Amino acid sequence: MKLSNDLISGKIWRLGDNVDTDQIIPAKYLVTSDPDKLAMHFMENTHPELAKSIGKGDIIVAGRNFGCGSSREHAVKTIQGCGIRLVIAESFARIFFRNSINLGLPVIEAKIEAPEGTVLNVDMEKGRIHWDSGESEFQKYPPFLKKIVDSGSIINYAKEGLIRQK
Amino acid sequence: MKNNGKTAVEKVFSEKSGEDVYAGSIVEAELDYVMVNDITGPSAIDAFYQLDVEPKKEKIVLIPDHFVPSKDIASATQSKKLRDFAWKHEMPNYFEVGRGGVCHQVMMEKGFATPGALIAGADSHTCTYGALGAISVGIGGTEAGVIFGTGRMWFKVPETMMFRINGELDSSVEGKDVILNLISRIGVEGGRYKCLEFRGEGVEGLGVSDRMTMANMASEAGAKCAFMAPDKKTEDYLNSRSRKTWSFIDSDSDANYDRIFDIDASELEPVVSMPGSPADVKPVSEVNDEIDQAYIGSCTNGRIEDIRRAAQVLKGKKVHPRTRLIVVPSSQQVFEDAVSEGLVKLIAEAGGYVSGPTCGACLGGYMGVLGPGERCISSTNRNFLGRMGDKDSKVYLANPSVVAASSILGRIASPREVYEIVK
C-alpha cells in the first residue's frame, strides 16, 4: 500500500512547541548517521526517559514549529530509529519537513487534543484522524509531494526520474 | 488583489525552473551550486551513489567545517569520507583544512554566491548568501546528494516579508542587533517558509559583513531564505571574487508581499538574546549577568570586521581573571587577515585565546564546550538549551563588540561601560 493512502494506528507521545533539532538529537552525537545508535539519545536533554519508553509504531504529537534549528537530517533518522511511525505537529520547521518527506517519514499538520497514550487512527487518503473521544482533519499532500512520499524517498523519486530520462 | 510584479525570489525561481511562477508554486529548479559539510556530506554521498550517475562536478562544493580539524576518531571518519569522495572524483571545489573554513564564509569569500544565483546548502544557515542577492536555501544531506547527480531539486516558491529599516542606525548598532531585534518582533517561527527581504537606509548604510550577519539569522525566524538588493558595496565585494558573471537584481515595485514591516532605525539598540531562545531579546543596558566564557566566531559573526571590532574594545585591556575569551576566525582568509593586521597579537596580549577556523563550539562540538551551569556570551546564532555544551549551561547571543566588552568585565556589558570603568 502506498503511504499516501495508508491507514496508520498508534499510541501518542506528546511534545511541546518549538522542539529544536538540538533537543531531538544533541550535536555531540552527530558523529554517526546510524538510526539505531542515534535513537538511544532521542530528546535526552529534556525527556531522558522517552527513548526507552517509545515503542515501534508509536506516534509523536507536538505543538508549533517542530524540528526548528539545524538542517541535520539526523533528527529524522533518530525518530525513524525509535520506530516512530508518524509525526503530527501543529506546524513544522521547513527543513525538518523537507527531510521527513525526502527520507520517507510521514509528517502531517494537525491539532490533536487528546492526552498522552491515546491511540489515534489516521487515514492518510481521506485526511482524517479519529480517536476514542474526538477527531481532527488535516490537509493532504499536494500532488508533487505525494509522488515523493509514495516513492518512499527522494532517492527513489530521483531514480525513477533518471530512468525516464534514459 | 494580486499584482503582476515579482519579488526577487519569484524571479529567481522563475528563471531557474523555466516557468513563470509566483509564491506558492512547487517547482523543480536547476541549482547553480550545492554545498555540503562534514556533518551532512556523508549522507549526501550515500544518496548520490544510489543514483548510479556521474556527479555534476562543477556544481558541487565540499567544505568540511563542523568538526575539523577532527576532534575524535568518529568525526575523522566522517570528514575522511568527504575527502575520499573529493579525491576519487577529482572534485574541483573541495576546501581542505588550512584552505577553507566555515562553509558559508567560504561560499561568499570564494565567489560562489552571486546576485540571482540559486544555491542549496546542507546547512540551515545557507540563507546567509541572501546578503549578496543570491537565493540560497538550507536543505538536508540526502537531497543534496540527489542534486550531486541531477543538478535539480524541488522547492516551494516562498512568500516574501519585507523589513524596511528607515533612517540611519546608531554607530553602536550592528547587523546582529538589527536581526535579533527583528526576530524578537516576529518570533522564532514568524518567518517560517518565507523569504525575508531587508531594505531601507538602515540596511544600505551597513557594510556587506553586517548584512551577512542579518541574512544568516533569517533561519532563526524559520525563514527559507533572505534577500538584500545588491548595490555598489555588493559589487565591490564581488569584484575580485565572483566565479560567474552576474547582474543586479531586485524585487519589482509592484511585487506582492506577504507583510511589510516599517521600522524606525532610531528605535534599534544593542541587544542580548537571553538563554533559551534567539527571540528573547533585552537591551544590553538591562543585562549584567556574570559569565564564564566569551566566544567570538561562527558563520554569523566570525569575519574580519567582527574581529576588528572586538580588538578595538580589547585594545590595552585585559580579559577578566574569571573569564575566558575564545576567538575563532570564520575562515583561513579571516585568520590570515587577523594575523597580518596584528589582531591576533592584540587579543593574545589581552589574555584571549585565538584558534584557526572551525564551527567548533558554536554547536557544542569542541574547542570551547560549556560545562554544567556555565554561562557564555557568544557572537553565534543559537542559544537553545544545551546548544554549546551541557544541558544546564547557558548561552547569551550578542554582537562581537558586546562579547569583547563582557569578557573584560566578566559580566554582560556594553563597550561604553568598559570605556567608562577601565581607563
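Remember, it's a predicted structure, so these values are computed and weren't measured experimentally. (Residues numbered from 1 in each chain as written. Chains lettered and ligands numbered in written order. Predicted model: local features only at pLDDT ≥ 70, side-chain atom pairs only at ≥ 80, totals over all residues. Heavy atoms only, no water.)

Moving on: the overall build of chain A. Secondary structure assignment for chain A yields 7 helices and 7 strands. Relative to the 2.2 N^0.38 estimate, which gives 15 Å for 166 residues, the radius of gyration of chain A is 16 Å and therefore close to what a compact globule would have. With 166 residues in all, chain A has 61% of them scored as buried. In chain A, 66% of the contacts between residues at least 6 apart in sequence involve partners at least 24 apart. A total of about 7100 Å² of accessible surface is found on chain A, and carbon and sulfur atoms cover 49% of it. Here chain A holds 22 positive side-chain charges and 21 negative ones, and the gap between their average locations is 8 Å. (Helix = DSSP H or I, 4+ residues; strand = E, 2+ residues; numbered from the N terminus. Rg over C-alpha atoms; globule rule 2.2 N^0.38 Å. Buried < 20%, exposed > 50% of the residue type's maximum accessible area, 1.4 Å probe, protein only. Contact = heavy atoms within 4.5 Å. Areas by Shrake-Rupley, 256 points an atom, 1.4 Å probe, with all protein chains shown as cover. Lys, Arg positive; Asp, Glu negative; His and termini not counted. Charge placed at Lys NZ, Arg CZ, Asp CG, Glu CD.)

Interfaces are often sized by the accessible area lost when the parts come together. Residues and elements named next belong to chain B. Each assigned domain of chain B is listed here: domain 1 (8-241 + 255-263) and domain 2 (271-422). Regarding the contact of domain 1 and domain 2, the summed buried area is about 2800 Å², with carbon and sulfur atoms giving 55% of it. The three residues of domain 1 that bury the most area against domain 2 are Val 102, Glu 174 and Lys 176, which together make up 20% of that side's buried surface. Applying the counting criterion to the domain 1 and domain 2 interface returns 3 salt bridges. In this structure, Arg 309 engages Asp 210 in a salt bridge whose closest nitrogen and oxygen atoms are separated by 2.7 Å. Between domain 1 and domain 2 we count 28 residue pairs in polar contact (both at pLDDT 80 or more) in total. Of all elements in the fold, only α4 (103-109), α6 (175-186) and α8 (208-216) reach the threshold of two or more residues within the side of domain 1 that touches domain 2. Ranked by residue count, the leading element in the side of domain 1 that touches domain 2 is α6, at 6 residues. (Domains from an automatic or database assignment. Buried area = accessible area lost by both parts, 1.4 Å probe. Salt bridge = Lys/Arg side-chain N within 4 Å of Asp/Glu carboxyl O. Polar contact = N/O pair within 3.5 Å; in protein donor to acceptor, adjacent residues only side chain to side chain.)

Here the focus is the sheet that holds strand β5 (residues 135-138) of chain B. Strand pairing in a sheet is mediated by backbone hydrogen bonds. Such pairs are either parallel or antiparallel. All names here are of chain B. Spatially, the 4 strands line up as an open sheet ordered β3-β2-β4-β5, and their pairing is parallel. Taken across any chain shown, the strands that pair with only one partner, and hence form the sheet edges, are β3 (60-62) and β5. For this sheet, the mean inter-axis angle between neighbouring strands, taken without regard to orientation, is 20°. (Pairing = 2+ DSSP bridges. Axes fitted to C-alpha atoms, helices over the stretch in contact; angles between N-to-C directions.)

Right, let's get into the interface of chain A and chain B. Chain A puts 40 residues into the contact, and the matching count from chain B is 42 residues. Of the roughly 3500 Å² buried between chain A and chain B, counting both surfaces, carbon and sulfur atoms make up 59%. Broken down residue by residue, the surface that chain A buries against chain B is led by Val 31, Arg 94 and Arg 98 of chain A, which jointly contribute 20%. Inspection of the chain A/chain B interface yields 4 salt bridges. In this structure, the connection of chain A to chain B is made through 17 residue pairs in polar contact (both at pLDDT 80 or more). Contributing elements (two or more residues each) for the side of chain A that touches chain B: α4 (74-81), α5 (94-103), α6 (143-151) and α7 (154-165) of chain A.

Take the state of the cysteines next. Residues and elements named next belong to chain B. All told, the structure shown has 0 disulfides over all chains when counted by the stated rule. Looking at Cys 103, it has no disulfide partner, and the nearest cysteine sulfur is the one in Cys 359, 5.9 Å off. For Cys 103, a relative accessible area of 1% corresponds to the buried category. Here Cys 225 stays free of any disulfide, with the sulfur of Cys 195 as its closest cysteine sulfur at 3.7 Å. Under the relative-accessibility criterion, Cys 225 is labelled buried at 0%. (Disulfide = S-S within 2.5 Å.)

Residues and elements named next belong to chain B. Pairing of strand β13 (residues 293-296) with strand β14 (residues 324-327) involves 4 bridges; the strand directions are parallel. In the sheet register, Tyr 295 faces β14, and the bridge partner there is Ile 326. Sheet topology note: the β14/strand β15 (residues 353-354) ladder contains 2 bridges and is parallel. Considered in β15, the bridge of Val 327 is made with Val 354.

A cis amide bond links Val 68 of chain B with the next residue in sequence, Pro 69 of chain B, at an omega value of -10°. Its location among the elements puts Pro 69 of chain B in the loop between β3 and α3 (73-88). In this model, Asn 18 of chain A sits at a positive phi of 50°, which is unusual for a non-glycine residue. When you line up the elements, Asn 18 of chain A lands in the loop between β1 (7-14) and α1 (21-24). Although it is not a glycine, Tyr 193 of chain B adopts a positive phi angle of roughly 70°. Within the element layout of this structure, Tyr 193 of chain B appears in the loop between α6 and β8 (195-199). Under the relative-accessibility criterion, Tyr 193 of chain B is labelled partly exposed at 26%.

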